[in-house]
Amino acid sequence: MTIQWFPGHMHKARLEMQAVLPKVDVVIEVLDARIPYSSENPMLAELRGDKPCLKVLAKSDLADEAMTVQWQEHFNAAAGVRARAVTTEEVPTIRKIKHSIAQMVPHKEGKSARAMIMGIPNVGKSTIINVLAGRKIAKTGNTPAITKQQQSVNIGDGVTLLDTPGVLWPNLQNTYSSYRLALLGSIKETAMEYSDVAFFGARYLLDRYVDRLVDRFDLDSQPARELELIEAIGRKRGCLGKNNQVDLERASKIFVTEIRSGGLGPLTFETPQGMEREKAETEKLAAEKAERDREKELKRKKRFRAKQRAQKKSREMRG
C-alpha cells in the first residue's frame, strides 16, 4: 500500500514555513511516541536546517516505556536535537517544554524567544499548544488536519509559539510507514482500507504482543496468522454476516480502534535499529526506481528521435 495524501493547504503550509523559519529560534517537532520514525517528517527536517530542534514524543502513555527511552537516546545523539516524552494526562510534563526551549537558546536569555511547532496530522500538537497557553487556542480532535493555517500564540515566560498545519510529506515511500500512520489515524480514512491496515497491525502484534491479543479479545487460543486473528475477533465481537461468515471490514475496524485507543496496552511499532534497516531498504528501492525511470526516459527519447528521422526521410522522399 502506497498512500499519497497531500491536500492543497499542506503545499501552502510548506511555503509559509519556508518564509517564516529565518525568524524562528527553535523548532518543536511533535512525534507520536508509538511511531517516532514514521511520524517524523523528513520534509520538516530539511526545512529547519540547523535550527535547534526539540523532539516531543507525544502520547507516550500509549507507547512502550522502554522503547520510548531508546528513542529519546537515539534523538539526543544528534547535534542540536533534544527529545522529551509527554502525555496529555500529565500536564506538568508538557509545561516543562517551555524550560526546554530556554535551555536550547541560551543566547535569548532575557529576550523573547520564538518557537515554531510542527507535526504531522493527529499527533497531539494542538493539545500541547492549549496546555502551554493555559487556554484553548488550537482546535483538537481525532481527525487529521484540523489546523488549516498558521497562528502565533504567546505562551508566557518570554516564548511565542507559531503553530502550523499538520504536514504529511507528499509521497510516503516507505510502505511500512504508510501502514503505521494509517493504523494510528494520521491518514484520513478515505485514503486507506481498514482490512488492509488491520492485517498489517495483526502481523506485528502476533509477533510481539500475542498474549495481550488473547487477553483483550478473550480468545480461546493463540492465532497463528493475521486472518485467523481478525476472524476470531469478529466472532467474539459479533461481526457476523450471511451464512455466519465474519465481516472482515467490521472486525478490522474494531481491531484498529482498540489499537488507537490503547485498549491493548502501551505499544510501540518501531525501534531505532529497525528503522535504520528500513531507511536503507527504502533508499535502495528509491535508487532502483530512479534508474528504471531514467532508462525508460532514455528509451522514450530514442523512440522520439527515431520517429523524427523517419518523418524527415519521408518528407525528403516525397520532395
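None of the values given here were measured: they were computed from a predicted structure.

What counts as what
- Residues numbered from 1 in each chain as written.
- Predicted model: local features only at pLDDT ≥ 70, side-chain atom pairs only at ≥ 80, totals over all residues.
- Heavy atoms only, no water.
- Pairing = 2+ DSSP bridges.
- Helix = DSSP H or I, 4+ residues; strand = E, 2+ residues; numbered from the N terminus.
- Axes fitted to C-alpha atoms, helices over the stretch in contact; angles between N-to-C directions.
- Contact = heavy atoms within 4.5 Å.
- Salt bridge = Lys/Arg side-chain N within 4 Å of Asp/Glu carboxyl O.
- Buried < 20%, exposed > 50% of the residue type's maximum accessible area, 1.4 Å probe, protein only.
- 1 Å grid on protein atoms, 1.4 Å probe; cavity = no way out; pocket = protein on both sides within 12 Å on 5 of 7 lines; lining within 4 Å.
- Points joined across faces, edges and corners; volume = space filled by probe spheres on them.
- Nonpolar A, V, L, I, M, F, W, Y, C, P; charged D, E, K, R; others polar.
- pLDDT = per-residue confidence, 0-100.
- Expected span 1.5 Å × (residues − 1).
- Arc of directions from axis to C-beta.
- Polar contact = N/O pair within 3.5 Å; in protein donor to acceptor, adjacent residues only side chain to side chain.
- Phe/Tyr/Trp six-rings, centres within 6.5 Å; stacked < 30°, edge-to-face > 60°.

1. Quick word on the sheet that holds strand S6 (residues 159-163)
Point 1. The mixed open sheet is built from six strands, whose spatial order is S3-S2-S1-S4-S6-S5. Unpaired on one side and paired on the other, strand S3 (81-85) and strand S5 (151-154) mark the two borders of the sheet. The mean inter-strand angle of the sheet, taken between neighbouring strand axes irrespective of direction, is 25°.
Point 2. Across six bridges, strand S1 (residues 26-32) lies against strand S2 (residues 53-58) in parallel orientation. Residue pairing in the sheet places leucine 31 in a bridge with leucine 57 of S2.
Point 3. Sheet contacts for helix H3 (residues 65-76): S1, S2 and S3; angle to S3, the most-contacted strand, approximately 165°.
Point 4. Sheet contacts for helix H5 (residues 97-104): S1, S2, S3, strand S4 (113-119) and S6; angle to S2, the most-contacted strand, approximately 160°.

2. Structural notes on the pattern of salt bridges
Point 1. Across all of its chains, the model carries 14 salt bridges by this definition.
Point 2. One salt bridge connects arginine 203 with glutamate 226, and the closest N-O pair in it is separated by 3.3 Å. With arginine 203 in helix H8 (residues 194-208) and glutamate 226 in helix H10 (residues 226-236), this residue pair connects regions lying 23 residues apart in the sequence.
Point 3. Under the relative-accessibility criterion, glutamate 226 is labelled buried at 18%.
Point 4. The partner of lysine 279 in a salt bridge is glutamate 276, and the shortest N-O contact between them spans 3.3 Å.

3. A word on empty space enclosed by the protein
Point 1. Applying the stated criterion to the full structure yields one cavity of 30 Å³ or more.
Point 2. Its volume calculated, the largest cavity comes out at about 30 Å³.
Point 3. In this structure, the largest cavity is lined by Ala58, Lys59, Val86, Thr87, Thr88, Ile94, Gly124 and Ile128.
Point 4. For the lining of the largest cavity, the per-class residue count stands at four nonpolar, three polar and one charged.

4. Quick word on the pairing of S5
Point 1. As judged from the four bridges shared by S5 and S6, these two strands associate in the antiparallel manner. From the neighbouring strand, asparagine 154 faces S6, where its bridge partner is threonine 160.

5. What to know about the confidence of the model for the protein chain
Point 1. Taken residue by residue, the protein chain gives an average pLDDT of 84. The fraction at 70 or more is 88%.
Point 2. Looking over the protein chain, one finds the lowest element-wise mean pLDDT in helix H1 (residues 8-20), namely 70, and the highest in H10, namely 96.
Point 3. Low confidence marks residues 142-148, where pLDDT is under 50. Its contacts with residues over four positions away, or in another chain, come to 26 contacts.

6. Some words on the pairing of S4
Point 1. Among the seven residues in S4, six count as buried, and that is most of the element.
Point 2. By the bridge criterion, five bridges tie S1 to S4 in an arrangement that is parallel. Paired with valine 26 across the strands is alanine 115, a residue of S4.
Point 3. Direction of pairing for S4 relative to S6: parallel, over a ladder of five bridges. Each bridged residue has a counterpart across the sheet, and for isoleucine 117 the counterpart in S6 is aspartate 163.

7. Re helix H11 (residues 248-261)
Point 1. In this model, H11 (14 residues) spans 20 Å end to end at C-alpha, consistent with the 20 Å of a helix rising 1.5 Å per residue.
Point 2. Along H11, the residues classified as buried are Ala251, Ser252, Phe255, Val256, Glu258 and Ile259. In an axial view of H11, the angular spread of the buried residues amounts to 155°, which keeps them on one side of the axis.
Point 3. Packing partners of the buried residues in H11 comprise helix H7 (175-183), H8, helix H9 (210-216) and H10.
Point 4. Sitting at the amino-terminal end of H11 is aspartate 247, which places a side-chain oxygen 3.1 Å from the backbone nitrogen of glutamate 249.

8. Re the packing of aromatic side chains
Point 1. On inspection of all chains with the given rule, the structure shows four aromatic pairs.
Point 2. Ring geometry for tyrosine 179 against phenylalanine 200: centres 4.8 Å apart, planes inclined by 10°, an arrangement best described as stacked. Of this pair, tyrosine 179 sits in helix H7 while phenylalanine 200 sits in helix H8, placing them 21 residues apart in sequence.

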